[in-house]
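A structural walkthrough
Listed below, chain by chain, are the residues.
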Amino acid sequence: MHQRDIRNIVVLTGAGISAESGLATFRGPDGLWEGHRVEDVATPEAFRRDPTLVQRFYDARRARLKEVEPNAAHRALARLDAEWPGALLIVTQNVDDLHERAGARRILHMHGELNSAWCLGCDARARWTDELSSQPPCPACGAEGMLRPDIVWFGEMPYEMERIDDALRDADLFVSIGTSGAVYPAAGFVQTARYCGARTLEMNLEPSLGSTYFHETRIGAASVLVPEFVDEMLGNRTVRTT
């Protein structure tokens, strides 16, 4: 498959791409997420039950985000974003801002953003880089104690699914980077793209749960594989998908 055969690209990124920058992946081998059960920090029920715990958990993650930097994989995708002449949509499951800090612009955060706060009172969203556990007032309406992390928790609908579906159906190439293929609806993107005629490629430390749906799986670190892939796409060489 040649670069000239590809016009529209959708890239899905998961926790694996940011792990190389020092951010913890979503769930460790012990089933915990940074020492907490997912049910205790990443559901609407958890927030209603113990909002202080949830806010402090995300405050800590927000503070940690300030200590890390984009890696070579983020920078390579930013280069693809800047130089690719066709349609491109980077859909990330990650709530960090490393893609943006690397320079990417054609990006969609389907699971929300750590540096965003959502007011449950007036429905406004605001950029937020400080703590929320102190119950600061909403910048839009002034209500106190109504801000929550602008994060899609389990049981909530990911953002902009219609836009993502349209992009997948129009894609000539779908690329999945650093994702386990365990969390839906993102895990089903490869099936949609392939059914609609796209070539499919995954890059991961190990084959994902949905690896059989990909035309090709490349095993290795994202910081190595993604720059190589971008060089292929922006050069005159043949893309290795068959």
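This is a predicted model, so every value here is computed, not measured. Numbers given to residues run from 1 along each chain, matching the order in which its sequence is written. Local features in this predicted model are restricted to residues whose pLDDT is 70 or higher, and side-chain atom pairs enter the listing and the counts only when it is 80 or higher, whereas totals over whole chains, interfaces and linings include all residues. To obtain the side-chain values, all non-hydrogen atoms of the structure were included, while hydrogens and water were left out.

Comments concerning the environment of V95
Structurally, the position occupied by V95 is in the loop between strand 2 (88-92) and helix 6 (98-102). Only protein chains enter the calculation, and the probe is 1.4 Å; a residue is then buried if its accessible area is under 20% of its type maximum, exposed if over 50%, and partly exposed in between. V95 sits in the buried class, given a relative accessible area of 12%. In this view, V95 contacts R61, H109, H111, G112, E113, L114 and I151; residues no more than four positions away in its chain are not counted. Secondary structure is summarised from DSSP: a helix means a run of H or I of at least four residues, a strand means a run of E of at least two, and numbering begins at the N terminus for each. We call two residues in contact whenever any of their non-hydrogen atoms come within 4.5 Å of each other.

With respect to the pairing of strand 8 (residues 199-204)
Summarising burial for strand 8: five of the six residues are buried, a large majority. A pair of strands is treated as paired once DSSP finds two or more bridges between them. In terms of strand pairing, strand 7 (residues 173-177) meets strand 8 through five bridges, oriented parallel. The partner of L173 across the bridge, within strand 8, is R199. Whether a crossover is right-handed comes down to one check: with the strands pointing away from the viewer, does the path from the first strand over the helix to the second run clockwise; if it does, it is right-handed. In terms of handedness, the path from strand 7 via helix 8 (residues 189-195) over to strand 8 forms a crossover that is right-handed.

What to know about unusual backbone geometry
Each neighbour pair has its own omega, and for Y184 with P185 the value is 10°, a cis peptide bond. Locating P185 in the fold gives a position in the loop between strand 7 and helix 8.

Some details on helix 5 (residues 72-83)
With twelve residues, helix 5 extends 16 Å from end C-alpha to end C-alpha; this agrees with the ideal 16 Å at 1.5 Å per step. Summarising the contacts, the buried residues of helix 5 are in contact with strand 1 (9-13), helix 1 (15-19), strand 2, helix 6, strand 7 and helix 9 (222-234). Here a polar contact is recorded for every N or O atom pair within 3.5 Å, except that within protein the pair must consist of a potential hydrogen donor and a potential acceptor, and residues adjacent in sequence are included only if both atoms are side-chain atoms. N-capping of helix 5 is provided by N71, with a side-chain oxygen placed 2.8 Å from the backbone N of A73. Every helix has an expected span of 1.5 Å times one less than the residues it contains.

Considerations on the domain arrangement of the protein
One can read the domain layout of the protein as domain 1 (1-23 + 70-111 + 158-241) and domain 2 (24-67 + 115-151). The centre of domain 1, based on its C-alpha atoms, is set 27 Å off from the matching centre of domain 2. Between domain 1 and domain 2, roughly 920 Å² of surface is buried when both sides are summed, and carbon and sulfur atoms account for 53% of that area. Buried area: the accessible area, evaluated with a 1.4 Å probe, that two parts lose upon being put together, summed over both parts. By the criterion of area lost to domain 2, the three top residues of domain 1 are L23, V95 and Y159, representing 51% of everything that side buries. Any Lys or Arg side-chain nitrogen found within 4 Å of a carboxyl oxygen on Asp or Glu counts as a salt bridge. Summed over the shared surface of domain 1 and domain 2, the number is zero salt bridges. Along the contact surface separating domain 1 from domain 2 lie five residue pairs in polar contact (both at pLDDT 80 or more). If you list the elements that add at least two residues to the side of domain 1 that touches domain 2, you get helix 1 and helix 6. Among the residues forming the side of domain 1 that touches domain 2, the class breakdown is six nonpolar, two polar and three charged. For every domain, the bounds stem from an assignment made automatically or drawn from a database. As a working rule, the residues Ala, Val, Leu, Ile, Met, Phe, Trp, Tyr, Cys and Pro are called nonpolar, Asp, Glu, Lys and Arg charged, and the rest polar, with Gly in that last group.

Observations regarding the UniProt feature "active site" (unreviewed entry) in the protein
UniProt positions are given in the numbering used here, feature names are shortened, and annotations may be inferred rather than shown by experiment. Residues annotated in UniProt with the feature "active site" (unreviewed entry) correspond here to H111. In this structure, H111 sits in the loop between strand 3 (107-109) and strand 4 (112-119). Excluding its chain neighbours within four sequence positions, the residues that come into contact with H111 are T92, Q93, V95, D150, I151, V152 and P158.

Describing the packing of aromatic side chains
Aromatic rings in a pair are described by how distant their centres are and how their planes are angled relative to each other. Only the six-membered ring of Trp is used, alongside the rings of Phe and Tyr, when aromatic pairs are assigned; centres must lie within 6.5 Å, and planes under 30 degrees apart are stacked while those over 60 apart are edge-to-face, with the rest tilted. Per the counting criterion, the structure on display carries four aromatic pairs. Geometrically, the ring pair formed by F57 and Y58 is edge-to-face, given 5.1 Å between the ring centres and 90° between the ring planes. You'll find F57 and Y58 in the same group, each marked buried. Summarising the aromatic geometry, the rings of F174 and F214 are spaced 6.2 Å apart at their centres and angled 20° between planes, so their arrangement reads as stacked. Here F174 is found in strand 7, whereas its partner F214 is found in the loop between strand 8 and strand 9 (216-219), with 40 residues between them in sequence. Each member of the pair, F174 as well as F214, carries the same accessibility label: buried. Pairwise contacts between aromatic rings join F47, F57, Y58 and W153 into one cluster.

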